[in-house]
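# Observations on the three-dimensional arrangement
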Amino acid sequence: MEYIDLKKQYKLYKEEIDKKIWDNINNATFINGKDVTELENTLASYLGVKYAVACSTGTDALLIPLMAYGIKAGDEVITTPFTFAATVEVIFMLGAKPVFVDIDERTYNIDPSKIEAKITKNTKGIIPVSLYGQTADMDEINRIAKNHNLFVMEDACQSFGAIYKGKRSCALSDVSATSFFPSKPLGCYGDGGMMFTSNKDIYEKIKCIANHGQQGRYNHVMLGLNFRLDTLQAGIMLAKFKYFEDEAEKRKAIGAKYTEAFKGSEVIAPYLAPYTDRSIYAQYSIRVKNRDAVIKKLTEKGIPTAVHYPVPLHLQPGYQYLGGKNGQYPVSEAVANEIMSLPMHPFLTDEDINTVVKAVKEAL
Ligand SMILES: *Cc1c(COP(=O)(O)O)cnc(C)c1O
């Protein structure tokens, strides 16, 4: 059994993916080719946003908008300690300070009721992370941000395809960032990312920053870098995107089957908030008391697992200058001790699901 079955996916769409790859090699427009623009337009219209800008990675998709907002030393940006390192790396990289807010015990996303206490005169924005494929409570976060004149950037690296109150993740905040890392719900065959916004001013800045701050050739109007996505990756994603909605529905159904099968057991299955119309289940993550033992038993049976994330960011050795202490973000710490992810991809069969669930229950 595969944790994420990219080989199967390739086999199914091989003809179209191969055609895109060879067309782009034959065209030799490897940088800023037409598939990059086509992918941006395709995804923007799918999401219902005005603008999309492709870039090199999900991490860069988080960094570029912060550069566009002029984030610098002395500024503070609010996010959670229960996320992948990239969310805070980008704040550090600009010399600003990440300010952590603990997560909601059930959704694992930022707890909006704890945000206001952390806002200071230096706070510039909020980065809610839509973890495991379910969005944060974006309306509530946007309301708080508006009251304090802050920007909101959804870290949607795990939630492209999720639906919140009828609207799509990536279309819920001033700007958003997603990742096309191969194992994400919509992945490419290398590194890639994209930013989305309906704000023309932000769009123009992020577009410019992603291409050396150029307006026209060799006219550098602001500080940028090379953050481009290559045409080959854009082409591969255009081929794969045709099947994305179908895969998204399959993920939703598989998530529901897992959750149904865990009912009545000690396993804490993913909680879907009332505002969630669809989780994309970038991960299907459960909580168990004896995680190490469960992982060991599953590994013995050939069932792959993963832990996202075992150590909250305030306790990471590289980030100690923030003064993080044990007990500071108790919900994040408790969840980090019990969380584990099970195989999740659109091609899991009912038999696969039963095998995994049976093995977990036996290991408890
Ligand atoms: C994957 C991920 C990122 C970074 O994306 P890359 O494409 O790997 O740079 C950022 N934030 C979250 C929550 C992620 O899961």
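Residues numbered from 1 in each chain as written. Predicted model: local features only at pLDDT ≥ 70, side-chain atom pairs only at ≥ 80, totals over all residues. Heavy atoms only, no water.

This part covers the overall build of the chain. Assigned secondary structure in the chain consists of 11 helices and 12 strands. Relative to the compact-globule value of 21 Å for 364 residues, the chain shows a C-alpha radius of gyration of 20 Å, a close match. With the C-alpha coordinates aligned to their principal axes, the bounding extent of the chain is approximately 65 × 55 × 35 Å. Every one of the 364 residues in the chain was classed for burial, and the buried ones make up 55%. Mean positive and mean negative side-chain charge positions of the chain (43 and 43 charges, respectively) differ by 1 Å. (Helix = DSSP H or I, 4+ residues; strand = E, 2+ residues; numbered from the N terminus. Rg over C-alpha atoms; globule rule 2.2 N^0.38 Å. Buried < 20%, exposed > 50% of the residue type's maximum accessible area, 1.4 Å probe, protein only. Lys, Arg positive; Asp, Glu negative; His and termini not counted. Charge placed at Lys NZ, Arg CZ, Asp CG, Glu CD.)

Here the focus is the side chain of Asp 352. Topologically, Asp 352 is positioned in helix 11 (residues 350–363). In this structure, Asp 352 is buried with no salt-bridge partner, the nearest side chain bearing the opposite charge being Lys 8 at 7.8 Å. There is a polar contact of 2.9 Å between the side chain of Asp 352 and the backbone nitrogen of Thr 349. Once residues lying within four places of it in the same chain are set aside, the contact partners of Asp 352 are Met 1 and Phe 347. (Salt bridge = Lys/Arg side-chain N within 4 Å of Asp/Glu carboxyl O. Polar contact = N/O pair within 3.5 Å; in protein donor to acceptor, adjacent residues only side chain to side chain. Contact = heavy atoms within 4.5 Å.)

In the vicinity of the ligand lie 15 residues, with Gly 58, Thr 59, Gln 158, Ser 179 and Lys 184 positioned nearest. Contact between the ligand and Gln 158: an oxygen atom at 2.8 Å from a side-chain N or O atom of the residue. Coverage of the ligand by the protein chains reaches 92% of its 380 Å² of free accessible surface. Per element, the largest residue contribution to the shell around the ligand is three residues, and it comes from helix 3 (residues 58–68). Here the residues of the shell around the ligand are counted per class, giving six nonpolar, seven polar and two charged. (Near = heavy atom within 4 Å. Areas by Shrake-Rupley, 256 points an atom, 1.4 Å probe, with all protein chains shown as cover. Nonpolar A, V, L, I, M, F, W, Y, C, P; charged D, E, K, R; others polar.)

All right, on to the packing of helix 2 (residues 34–47) against helix 7 (residues 231–241) then. Contact pair helix 2 / helix 7: the axes reach a minimum separation of 8 Å and the direction vectors enclose 40 degrees. Here helix 2 is positioned oblique relative to helix 7, judged by the angle of their axes. The element helix 2 and its partner helix 7 pack so that their crossing is left-handed. Judged by residue contacts, Asp 35, Val 36, Glu 38, Leu 39, Thr 42, Leu 43 and Tyr 46 of helix 2 engage Thr 231, Ala 234, Gly 235, Met 237, Leu 238 and Phe 241 from helix 7. Residue composition of the contact of helix 2 with helix 7, grouped by class: eight nonpolar, three polar and two charged. (Axes fitted to C-alpha atoms, helices over the stretch in contact; angles between N-to-C directions. Parallel < 35°, antiparallel > 145°, perpendicular 65-115°, else oblique. Left-handed = near helix turned anticlockwise from the far one by under 90°.)

Moving on, we get to the pairing of strand 12 (residues 339–342). Where burial is concerned, the two faces of strand 12 agree: the one with Ile 339 and Ser 341 and the one with Met 340 and Leu 342 are both buried. Judged from the four bridges that link them, strand 11 (residues 284–287) and strand 12 form a sheet pairing that is antiparallel. In the strand pairing of strand 12, Ser 285 is matched with Ser 341. (Pairing = 2+ DSSP bridges.)

Before going further, it helps to examine the domain arrangement of the chain. Domain assignment breaks the chain into domain 1 (6–241) and domain 2 (244–363). Facing 47 residues of domain 1, the contacting portion of domain 2 comprises 35 residues. Buried surface at the junction of domain 1 and domain 2, summed over both partners, amounts to about 3,600 Å²; 60% is from carbon and sulfur atoms. Between the two partners, domain 1 and domain 2, sit one salt bridge. The salt bridge involving Glu 245 is made with Arg 168; its shortest N-O contact spans 3.6 Å. (Domains from an automatic or database assignment. Buried area = accessible area lost by both parts, 1.4 Å probe.)

This part covers the packing of aromatic side chains. Here the structure, examined in full by the defined rule, presents 20 aromatic pairs. Ring geometry for Phe 82 versus Tyr 132: centroids 6.4 Å apart, planes at 85 degrees, classification edge-to-face. With Phe 82 in the loop between strand 2 (76–79) and helix 4 (86–93) and Tyr 132 in the loop between strand 4 (123–126) and helix 5 (138–147), the pair connects residues that are 50 residues apart, well separated along the chain. Assigned by exposure class, Phe 82 and Tyr 132 land together as buried. For the ring pair Tyr 258 and Phe 262, a centre distance of 6.3 Å and an interplane angle of 10 degrees mean the geometry is stacked. Of this pair, Tyr 258 and Phe 262 both sit in helix 8 (residues 244–262), separated by four residues, roughly a single helical turn. Taking the relative accessible area as the measure of exposure, Tyr 258 reaches 0% and is therefore buried. Clustering of aromatic rings is evident, with ring pairs tying together Tyr 46, Phe 160, Phe 196, Phe 241 and Phe 244. (Phe/Tyr/Trp six-rings, centres within 6.5 Å; stacked < 30°, edge-to-face > 60°.)

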